[in-house]
Amino acid sequence: MKNYYIIDFDSTFTQVEALDELARISLKNHPEREAIYQKIEDLTNAAMEGRLSFRESLTGRVLLLEANRDHLKQLVSRLKKKVSASFSRNRTFFRKYADEVLIVSGGFKEFITPVVTAYGIKKENIYANTFVFNDEGKIIGYDDSNPLSDEGGKVKLLQQMNLTGNIYGIGDGHSDFQLKESGLIKKFFAYTENIERKTVAAKADHVAPSFDEFLYVNNLPRAISYPKNRILCLVIGDVPEESIQLLKKDGFSIRHKATFEEKYVPDVGMMLLANGEKLEDEKLRRAVKLKTIGYLGNSKPNLSRQLCVEMGIVLFDDPKENPRNRQFIPKRVADFINKGDTYMSANFPNLQLPKIAKAHRLIHIHKNVPGIMAKINQVFAQNHINIVGQFLMTNPDIGYAITDINSEYDKKILKELKQIEHTIKFRILY
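Residues numbered from 1 in each chain as written. Predicted model: local features only at pLDDT ≥ 70, side-chain atom pairs only at ≥ 80, totals over all residues. Heavy atoms only, no water.

**Observations regarding the overall build of the chain**
When helices and strands are counted, the chain shows 18 helices and 17 strands. In terms of its C-alpha atoms, the chain occupies a principal-axis envelope of roughly 75 × 50 × 40 Å. Counting every position in the chain, which comprises 430 residues, the buried fraction comes to 53%. Total accessible area on the chain is roughly 19700 Å²; 47% of this is exposed by carbon and sulfur atoms. Within the chain, one finds 63 positive and 54 negative side-chain charges whose respective centroids are separated by 5 Å. (Helix = DSSP H or I, 4+ residues; strand = E, 2+ residues; numbered from the N terminus. Buried < 20%, exposed > 50% of the residue type's maximum accessible area, 1.4 Å probe, protein only. Areas by Shrake-Rupley, 256 points an atom, 1.4 Å probe, with all protein chains shown as cover. Lys, Arg positive; Asp, Glu negative; His and termini not counted. Charge placed at Lys NZ, Arg CZ, Asp CG, Glu CD.)

Spelled out as structure tokens, the structure:
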């Protein structure tokens with residue numbers, strides 16, 4: 001049975017509400033602009049949370065805009081820079097599933113179409129409202145015969161379309177949940193990367209903090225192998241807010257605690273520690289999913305670098321305790337998770353990696369003994385895998401090998417790579 005993916009636009013495909021942004025453009029020189037901005041934002045939220053009918057909200061917002069075609073051109077330029085990060089990195093999915101992806105929005109085609117078609121989404125698969133203009137190009141209203149301009153418009157549209165297959169919906173608002181409520185779609189994903197509307201998330205089949213999560217749960221092709229929102233990043237001690245925000249903005253699941261609580265030991269994937277915080281060997285040994293540690297100071301007296309090496313945990317620290325490194329250390333931690341970079345690591349061979357398009361990146365950490373690379377490449381050769389790029393750096397204790405491959409692979413290859421003697425850690429990056 002065919003699958004269809006119904007995707008919202010405002011605060012889902014893009015980080016912002018487009019009409020709110022249009023108001024900031026069209027009313028830039030208006031003496032009462034701040035008050036009008038607030039009215040438009042209030043109308044948006046009231047509709048998205050189900051406190052006001054969509055038509056009332058839409059009519060109120062459009063009348064307040066005082067916008068024209070030139071303002072729309074500026075809006076499109078702005079929206080192209082505001083595509084949600086996890087949508088932006090998954091362009092390949094949209095091109096591959098161009099027939100199955102539908103943009104269904106209470107927004108307007110005039111600004112939606114030029115943004116989403118750049119991702120390979122077909123014009124005929126974009127369902128949205130349209131503005132009405134006067135002879136001078138000023139917006140004076142909208143086509144109120146379009147079902148998407150009315151309350152429950154997405155439900156009415158899908159009833160008219162009569163799609164046959166499994167339909168999945170992803171969006172942030174009440175109008176998106178109505179699709180699930182109507183029984184027209186199989187599963188509704190509340191999208192929270194940009195805004196979390198509690199009343200919507202509470203009713204969803206699944207909360208998706210990123211588009212990566214949606215693709216992962218539905219076993220669809222994706223840019224990264226494992227959603228960052230599923231990687232637990234534990235922040236311990238008096239860590240500056242700017243350091244935490246850098247990791248939070250990147251999409252990791254953050255827990256900020258005073259100590260390394262026992263309940264987090266089995267599942268923690270990343271750690272960021274304030275200067276002076278100690279990490280006991282006993283807990284570190286049991287943190288089997290831990291991949292990297294950022295330490296905002298000199299880590300040497302406070303945790304075992306050697307144990308980190310033995311466990312394949314990449315450590316970044318700041319021996320000079322420079323306040324300017326409040327962002328440098330968390331950025332290094334994020335770059336290791338995102339790209340595999342170990343540049344400026346305190347315990348690993350230093351490696352900065354180029355981003356290679358249309359490839360899968362595999363990371364193999366092993367003891368520095370002869371013959372490991374030969375065994376790694378033997379696995380690829382036996383499985384007819386073409387290597388696009390390969391990087392190896394060593395120090396006296398450890399070998400750090402990155403292999404970029406350009407083809408689909410059988411999961412048994414991963415098992416074979418993990419089973420190579422002297423392997424410490426192995427993971428698929430993307």
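**Some details on the sheet that holds strand S3 (residues 126-129)**
Ordered by their spatial adjacency, 6 strands build an open sheet running S3-S2-S1-S6-S7-S8, and the pairing between neighbours is parallel. Edge strands, defined here as strands with exactly one partner in the open sheet, are S3 and strand S8 (206-208). Each adjacent strand pair in this sheet contributes to an overall mean axis angle of 20°, direction not counted. Here 3 bridges tie strand S1 (residues 3-7) to strand S2 (residues 101-108), and the two strands are oriented parallel to one another. Across the sheet, isoleucine 6 pairs through a bridge with leucine 102, a residue of S2. (Pairing = 2+ DSSP bridges. Axes fitted to C-alpha atoms, helices over the stretch in contact; angles between N-to-C directions.)

**Let's talk about the nonpolar core**
Counting 54 residues, the largest nonpolar core has Phe9, Phe13, Phe94, Phe111, Phe131 and Phe211 as the members making the most contacts within it. Excluding residues that lie within four positions of it along the chain, phenylalanine 94 makes contacts with Ile7, Phe13, Phe87, Val101, Tyr119, Gly120, Ile121 and Phe211. Counting residues in each nonpolar core, the second largest holds 31 residues, with Ile254, Met270, Ile329 and Ile402 among its members. (Core = buried A, V, L, I, M, F, W, Y, C linked by side-chain atoms within 4.5 Å. Contact = heavy atoms within 4.5 Å.)

**Considering the sheet that holds strand S9 (residues 232-236)**
In spatial order, the strands read S10-S9-S11-S12-S13; together these 5 strands make up an open sheet with parallel pairing. Two strands close off the open sheet at either side, each with one partner strand: strand S10 (253-257) and strand S13 (314-316). On average, each strand axis in the sheet is tilted by 20° relative to the strand beside it, whichever way the strands run. Against the sheet, helix H13 (residues 241-249) touches S9, S10 and strand S11 (268-273), its axis set at about 155° to S10. In the packing of helix H16 (residues 325-339) onto the sheet, the strands contacted are S11, strand S12 (292-295) and S13, and the crossing angle to S12 comes to about 170°.

**Section: the pairing of S3**
For S2 and S3, the ladder comprises 3 bridges, and the chain directions are parallel. Bridge pairing in S3 links phenylalanine 108 to asparagine 129. With helix H8 (residues 109-116) bridging S2 and its parallel neighbour S3, the resulting β-α-β unit is right-handed. (Right-handed = clockwise from strand over helix to strand, strands pointing away.)

**Quick look at the environment of asparagine 347**
Position of asparagine 347 relative to the elements: it lies in the loop between H16 and strand S14 (360-367). Take asparagine 347: its relative accessible area is 7%, and that puts it in the buried class. Considered as a pair, asparagine 347 and phenylalanine 380 are 33 residues apart in the sequence and their alpha carbons are 28 Å apart. Once residues lying within four places of it in the same chain are set aside, the contact partners of asparagine 347 are Arg305, Cys308, Val309, Ile313, Val314, Leu315 and Asn395.

**Thoughts on H16**
Structural remark: α-helix, 3.6 residues per turn; residues separated by three or four positions point the same way. The end-to-end C-alpha distance of H16 is 20 Å, a good match for the 21 Å that 15 residues give at a rise of 1.5 Å each. Turning to H16, its buried residues number three or more, namely Asn325, Ile329, Pro330, Arg332, Val333, Ala334, Asp335, Phe336 and Ile337. Taken together, the buried residues of H16 touch H13, S11, S12, S13, strand S16 (398-405) and strand S17 (423-428). After H16 finishes, the residue glycine 340 shows a positive phi value of roughly 90°. (Expected span 1.5 Å × (residues − 1).)

**Details of the packing of aromatic side chains**
Counting across every chain of the model gives 28 aromatic pairs. Positioned over the ring face of tyrosine 37 is arginine 24, at 4.3 Å from the centre of the ring. Across the ring face of phenylalanine 336, the terminal group of arginine 427 is positioned such that the distance to the ring centre comes to 5.0 Å. (Phe/Tyr/Trp six-rings, centres within 6.5 Å; stacked < 30°, edge-to-face > 60°. Lys NZ or Arg CZ within 6 Å of the ring centre and 35° of its normal.)

**Let's talk about the pattern of salt bridges**
Going through the model one piece at a time under the given rule, you end up with 22 salt bridges. The salt bridge involving lysine 122 is made with aspartate 99; its shortest N-O contact spans 2.3 Å. Highlighted residues: lysine 122 in the loop between H8 and S3 and aspartate 99 in the loop between helix H7 (91-96) and S2, separated in sequence by 23 residues. Judged by relative accessible area, which is 42%, aspartate 99 ranks as partly exposed. The salt bridge involving aspartate 150 is made with lysine 156; its shortest N-O contact spans 2.9 Å. (Salt bridge = Lys/Arg side-chain N within 4 Å of Asp/Glu carboxyl O.)

**Description of the side chain of serine 210**
Here serine 210 shows up in the loop between S8 and helix H12 (211-217). Here the side chain of serine 210 touches glutamate 213 through a polar contact of 3.2 Å, landing on its backbone nitrogen. With residues up to four places along the chain from it excluded, the contact list for serine 210 reads Ser86, Tyr191, Glu193 and Asn229. (Polar contact = N/O pair within 3.5 Å; in protein donor to acceptor, adjacent residues only side chain to side chain.)

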